[in-house]
Amino acid sequence: MRPIERFLTGITTTGTPHLGNYVGAIRPAVQASKREGTENFYFLADYHALIKCDEPARIQRSTLEIAACWLAAGLDAQQVFFYRQSDIPEIPELTWLLTCVTGKGVLNRAHAYKAQVDKNLAAGVDADAEVTAGLFMYPVLMAADILLFQAHKIPVGRDQIQHIEMARDMAQSYNHLYGEHLVLPEAAVDESVALLPGLDGRKMSKSYDNVIALFGPREQVRKQIFSIVTDSRAPGEPKQVEGSALFQIYQAFASAQETQQLRQAYADGIAWSDAKQLLFERIDREVAPMRERYEQLVANPHALEEILQAGAAKARARATPFLRELRHAVGLRNLAASAATGKKAQARAALPSFKQYREADGRFYFKFVDAQGRLLLQSAGFASPKEAGQFIAQLKASQALPDAAMATPPDGVEAGQVTTALKHLADSGN
Ligand code: TRP
């Protein structure tokens, strides 16, 4: 039997979900949550929202709307872990443990923080103007979200890959210091998921003000759809599907057969207003039943709050004992507790280990070090963390010095030392 694979995703609670969020994140996640052999964690990242938003009413409203959206879209709170970040006190606790194994220099390189610094420098103001420590710490909080639940795969957009790599590095640093406790997560970017264009043809995004509401009043949705930008071809003139935002949005909802029919209609010169009407009806067919459920949920915050409380209890049943283990490992312990487990953890920490990291050249490297931290092997750069990981797996399996030039011992280290350390690691079951 395959071991259970855990997927985890957070949704920042600023704003109201639009059609692009539905097609790009909500719909695929709801489908994915039904896979056999997986556990799925979805949470409302309201601590992250505080980094961007200082309007309390908006945070509360957005949390309500996003929770309602996910449930209306078919997420089964019984089947998955569905909770609000701020209901899990273990997350900020783990954030601190991770803060203490994270280099400040690593956080200096985080995209969101760096973008603000670059903007400030370009504007000729102080580098740290408008930069809160919250923005700087964003990747650590996110790593705590992920590592607390021992998630393997993190479905995210491309813009989040760096954060997942940082979470991985933090897990590695923690494990190196305190023994193997944390699972190393991986980003899962689904290339097949549609990136929905907005009303003006650019990516649908709140910051471009080009969105179609997901559960807005029908009339509003209709108006938005009718304002999709098209060209000036008259009814009867053949139209092109290439570059047509209307066509692409339709495709994200339609079957292959329906898409083919619209393609034909374009060639036959369908009027833009008729095409828009078709799109409106097609979207409404999928969304109308969910809209009803959404409106019920939003109108009944008590019931939603109960669902979230139950979700928090379910999540904490995992988080509380695990955080206890992590605290113990770092030495935050009951003074009367026996030192035996401490010794065991130390023995585990005193093993040779692989450390993976990324260099400024964008490639992925590893070092193999002995129990005292002495370098035994230095790798060359790999194109992806996966390739580096596969190479390490081969090394562990063969317990022999690699003959490829991809990893070599430094001067003064004998081949025998490397193979002994590999064997020691294998014997320990790591
Ligand atoms: N940073 C993510 C975003 O802006 C949201 C998020 C917070 C998240 N914690 C997470 C995503 C943990 C995945 C895993 O989209």
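Everything numeric here is computed off the predicted structure, so don't read it as measured data.

Analysis parameters
- Residues numbered from 1 in each chain as written.
- Predicted model: local features only at pLDDT ≥ 70, side-chain atom pairs only at ≥ 80, totals over all residues.
- Heavy atoms only, no water.
- Helix = DSSP H or I, 4+ residues; strand = E, 2+ residues; numbered from the N terminus.
- Buried < 20%, exposed > 50% of the residue type's maximum accessible area, 1.4 Å probe, protein only.
- Areas by Shrake-Rupley, 256 points an atom, 1.4 Å probe, with all protein chains shown as cover.
- Lys, Arg positive; Asp, Glu negative; His and termini not counted.
- Charge placed at Lys NZ, Arg CZ, Asp CG, Glu CD.
- Domains from an automatic or database assignment.
- Contact = heavy atoms within 4.5 Å.
- Buried area = accessible area lost by both parts, 1.4 Å probe.
- Salt bridge = Lys/Arg side-chain N within 4 Å of Asp/Glu carboxyl O.

### Thoughts on the overall build of the protein chain
Helix and strand content of the protein chain: 16 helices and nine strands. Counting across all 430 residues of the protein chain, residues that qualify as buried make up 45%. Only carbon and sulfur atoms are counted for the fraction: they give 53% of the accessible area of the protein chain, which is about 21800 Å². Here the protein chain carries 47 positive and 48 negative side-chain charges, and the mean point of each set is 3 Å from the other.

### With respect to the domain arrangement of the protein chain
Assigned domains within the protein chain: domain 1 (5-193 + 299-329), domain 2 (206-289) and domain 3 (341-427). Computed over C-alpha atoms only, the centres of domain 1 and domain 2 are separated by 34 Å. At the junction of the two partners, domain 1 supplies twelve residues and domain 2 supplies eleven residues. Carbon and sulfur atoms make up 69% of the surface buried where domain 1 meets domain 2, a total of about 950 Å² over both sides.

### Considering the environment of Leu135
Looking at the element boundaries, Leu135 is found in helix H7 (residues 133-148). Taking the relative accessible area as the measure of exposure, Leu135 reaches 17% and is therefore buried. When the C-alpha atoms of Leu135 and Ala388 are compared, they prove to be 30 Å apart, with 253 residues separating the residues in sequence. Not counting residues within four places of it along the chain, the set of residues in contact with Leu135 comprises Ile51, Ala112, Tyr113 and Gln116.

### Thoughts on the pattern of salt bridges
In total, this model carries 18 salt bridges according to the counting rule given. Between Arg318 and Glu39 there is a salt bridge whose closest N-O contact spans 2.8 Å. Of the two residues, Arg318 sits in helix H13 (residues 301-330) while Glu39 sits in strand E2 (residues 38-45), which places them 279 residues apart along the sequence. With its nearest N and O atoms 2.8 Å apart, the salt bridge here joins Arg358 to Glu165. Here Arg358, found in strand E6 (residues 353-358), pairs with Glu165, found in helix H8 (residues 161-178); they are 193 residues apart in sequence, far enough to count as distant. By relative accessible area, Arg358 is classed as partly exposed at 42%. A cluster of three or more residues bridged by salt bridges with shared partners is formed by Arg84, Asp87 and Glu305.

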